[in-house]
Amino acid sequence: MSPRTVSIILTAVLVVYFVLLGGRAVALFQDGSPIAVALGVGVLLLPLVGAWIAYATLRFGMRTSVLAKRLAAEGGLPDTSDLPRTPSGRVDRGAADAWFEEHRAEVESTPDDWRSWYRLAVAYDVAGDRSRARDAMRKALELAGV
């Protein structure tokens, strides 16, 4: 199953969960007591915050996909297939760090190029630093105007 299909299925499950939570919030409001109403507000806020997080995450993924397609069309997608891997399938830490340093140097030499930031984001991800990978990808999106 593709990651996109999994995302769609999980989002649909999340929507069902939010609808069920909304029903619980309405039931608490109908009770009328101050504590029930306060709990109802809290239960109602959960789906709203969750929906916003789901939207932001899906939007980030779609924007990232646009950049990946543009970079693939240019033949500039980073290739990790030749990096040595552990038995679990992860890239060897030393190789990931060396590969990361190559892409960090590329960003330092061309800091206004979204392509180098995209490749740095992939390098961060391969090195296991997901929060910095997201930050680098956000920078790539900003520079690309996506």
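Residues numbered from 1 in each chain as written. Predicted model: local features only at pLDDT ≥ 70, side-chain atom pairs only at ≥ 80, totals over all residues. Heavy atoms only, no water.

(A) Representation of the packing of helix α2 (residues 34-74) against helix α5 (residues 130-144) in the model. Viewed as axis vectors pointing N to C, α2 and α5 meet at an angle of 65°, and their least axial separation amounts to 10 Å. Considered as vectors, α2 and α5 are oriented roughly perpendicular to each other. Considering the relative orientation of α2 and α5, their crossing is left-handed. For the pair formed by α2 and α5, the contact residues are F60, R63, T64, L67 and R70 on the first element and R134, M137, R138, A140, L141 and A144 on the second. Here the contact of α2 with α5 is composed, by residue class, of 6 nonpolar, 1 polar and 4 charged. (Axes fitted to C-alpha atoms, helices over the stretch in contact; angles between N-to-C directions. Helix = DSSP H or I, 4+ residues; strand = E, 2+ residues; numbered from the N terminus. Parallel < 35°, antiparallel > 145°, perpendicular 65-115°, else oblique. Left-handed = near helix turned anticlockwise from the far one by under 90°. Contact = heavy atoms within 4.5 Å. Nonpolar A, V, L, I, M, F, W, Y, C, P; charged D, E, K, R; others polar.)

(B) Geometry of a nonpolar patch on the surface. A grouping of F29, V37, V41, L44, L45 and L48 is seen on the molecular surface, where their side chains present a nonpolar patch of about 460 Å² in accessible area. Judged by relative accessible area, L45 falls into the partly exposed class, the value being 45%. (Patch = residues over 30% accessible without salt bridge, like charges linked within 9 Å, V, L, I, M, F, W, Y side chains within 5 Å. Areas by Shrake-Rupley, 256 points an atom, 1.4 Å probe, with all protein chains shown as cover. Salt bridge = Lys/Arg side-chain N within 4 Å of Asp/Glu carboxyl O. Buried < 20%, exposed > 50% of the residue type's maximum accessible area, 1.4 Å probe, protein only.)

(C) Expanded view of the pattern of salt bridges. If you walk through the whole model with that rule in mind, you get 10 salt bridges. Across the pair R115 and E74 runs a salt bridge, and its minimum N-O distance is 2.6 Å. Taken together, the residues span a long stretch of sequence, with R115 in helix α4 (residues 114-126) and E74 in helix α2 at a distance of 41 residues. The class for E74 is partly exposed, based on a relative accessible area of 43%.

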